[in-house]
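# Residue-level structure breakdown
Okay, here's what each chain looks like letter by letter:
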Amino acid sequence: MNAADLRALDRLQLTVARRLDGLLHGDYLGLLPGAGSEPGEAREYRAGDDVRRMDWPVTARTTVPHVRTTISDRELETWLAVDLSPSLDFGTVGMLKRELAEGAVAAFSYLAGRGGNRIGAVVTEGGPAKAIPPRPGRGGARSLLRTVTALPRGEGAGDLAELIDKTRRHARRRGLAIVISDFLEDEDRPSDWSRELRRLAVRQQVLCVEVLDPAELALPDVGVLDLIDPETGATVEVQTGNARFRARYAEAAAEQRARIAAGIRSGGAAHLRLSTGSDWLRDIAAFVAERRHLAAYR
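Rules used throughout
Residues numbered from 1 in each chain as written. Predicted model: local features only at pLDDT ≥ 70, side-chain atom pairs only at ≥ 80, totals over all residues. Heavy atoms only, no water. Axes fitted to C-alpha atoms, helices over the stretch in contact; angles between N-to-C directions. Helix = DSSP H or I, 4+ residues; strand = E, 2+ residues; numbered from the N terminus. Parallel < 35°, antiparallel > 145°, perpendicular 65-115°, else oblique. Left-handed = near helix turned anticlockwise from the far one by under 90°. Contact = heavy atoms within 4.5 Å. Nonpolar A, V, L, I, M, F, W, Y, C, P; charged D, E, K, R; others polar. Buried < 20%, exposed > 50% of the residue type's maximum accessible area, 1.4 Å probe, protein only. Pairing = 2+ DSSP bridges. pLDDT = per-residue confidence, 0-100. Salt bridge = Lys/Arg side-chain N within 4 Å of Asp/Glu carboxyl O. Phe/Tyr/Trp six-rings, centres within 6.5 Å; stacked < 30°, edge-to-face > 60°.

### What to know about the packing of helix α6 (residues 193–200) against helix α7 (residues 243–266)
For the pair α6 and α7, the least separation of the axes is 8 Å and the interaxial angle reads 30 degrees. Taken together, the axis directions place α6 and α7 in an arrangement best described as roughly parallel. In this structure, α6 meets α7 at a crossing whose hand is right-handed. Seen from α6, the contacting residues are Trp193, Ser194, Leu197 and Arg198; seen from α7, they are Ile260, Gly263, Ile264 and Ser266. Classifying every residue of the contact of α6 with α7 by side-chain character gives four nonpolar, three polar and one charged.

Structure below.
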């Protein structure tokens, strides 16, 4: 990594720190408090509560369903599962999806590293996934980002299921796992990444960060386009001036994103969608603030 790359990373980290500190308020600016393992008080069951926390003695005594809350953990070990396969080398609105994914790594490692929490990562660039051991605090977050962005680029499609499985094997302590990917896969070789998400969620809080570009949802009317699949090298010529073609494309894209959302939901994970065409740092801050608000009423 040359000096220019290091300066660019330092600017990214500074931007992330300033923006998130300005958008998120409060003494504790970590990502999310852990679900906790120490038992707390019992309260009445609410829709959406985990049935595994049912307090059956209190329920039997009061004849009203109750759950046992837990005391939130403030020190967590966080693992990032980062998909930087060639499909992320695409972007039409000022940045590539790869750059957005790297920005998400910077933001979540910064948030998760507050208070000395440890952050590690498992990364695929299109080949076998590589593990980066967890390190504590801001120094660990800075080192992790530099290591992730310095990895050599691979060729071919990444295996998201293998990436999630390897993350699960490394995340031995209860904590938080964040999967950053565009969740696109070869339709001829689909992988059961949703099943691996469910296995990961047995011991971890799981957040899936879906990275996309606006052109993946709807094609602009710009005439003839020559498109290249960055993972296979296959090329195709499309006529974007055809309104019926654009409508079919938008319908297929919506169905694809619905399948991805369903897979994430069935995997027991929270879902955050980031776009190269939006203020992604504000989107992250809004998501974290909402999750904290919901956790406060659990």
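### Focus on the pairing of strand β4 (residues 118–124)
Buried residues dominate β4, accounting for six of its seven residues. Bridge count between strand β3 (residues 77–83) and β4: seven bridges; the pairing is parallel. Bridge pairing in β4 places Asp83 opposite Thr124. Where β4 lies against strand β5 (residues 130–136), five bridges are found, and the strand directions are antiparallel. By the bridge assignment for β5, Arg118 is matched with Pro136. As consecutive antiparallel partners, β4 and β5 are separated by five residues, and within that stretch Gly126 has a phi angle of approximately 115 degrees, a positive value.

### Some thoughts on the confidence of the model for the protein
Scored by pLDDT, the protein comes out at a mean of 83, with 85% of its residues at no less than 70. When pLDDT is averaged over each helix and strand of the protein, the minimum, 63, is found for strand β1 (residues 34–44) and the maximum, 96, for strand β10 (residues 270–275).

### Notes on the pattern of salt bridges
As enumerated under the stated definition, the model contains 18 salt bridges in all. In this structure, the salt-bridge partner of Arg118 is Glu77, at a minimum N-O distance of 3.3 Å. Placement of Arg118 in strand β4 and of Glu77 in strand β3 is noted, with a sequence separation of 41 residues between them. Note on Arg118: relative accessible area 32%, which makes it partly exposed. Residue Lys97 is joined to Glu216 by a salt bridge in which the shortest nitrogen-to-oxygen separation is 2.6 Å. You can see Lys97 sitting in helix α3 (residues 97–112) and its partner Glu216 sitting in the loop between β7 (204–212) and β8 (224–228), a full 119 residues away along the chain. Classification of Glu216 by relative accessible area gives buried; the value is 11%. In the salt-bridge network here, residues are joined through shared partners; they are Asp165, Arg168, Arg169, Asp192, Arg195, Glu196 and Arg199.

### Topic: the packing of aromatic side chains
In this description, an aromatic ring pair is defined by two values, namely the gap between the centres and the angle between the planes. Within this structure, the stated rule accounts for one aromatic pair. With a centroid separation of 5.1 Å and 55 degrees between ring planes, the pair formed by Phe183 and Trp193 is classed as tilted. Taken together, the positions of Phe183 in the loop between β6 (175–181) and α6 and Trp193 in helix α6 put the pair 10 residues apart, joining distant regions of the chain. This pair shows no difference in class: Phe183 is buried, exactly as Trp193 is.

### With respect to the sheet that holds β5
Note: strands within a sheet are paired through backbone hydrogen bonds, in either parallel or antiparallel orientation. Sheet architecture is open: six strands sit in the order β5-β4-β3-β6-β7-β10, paired in mixed fashion. Pairing within the sheet leaves two strands with one partner each, and these edge strands are β5 and β10. Pairs of neighbouring strands in the sheet enclose a mean axial angle of 15 degrees, with direction left out of account.

### Description of unusual backbone geometry
Unlike most non-glycine residues, Thr63 shows phi in positive territory, near 60 degrees. By the element assignment, Thr63 lies in the loop between α2 (56–62) and β2 (66–73). Overall, the relative accessible area of 69% leaves Thr63 in the exposed class. Phi is positive for Phe183, close to 60 degrees, though the residue is something other than glycine.

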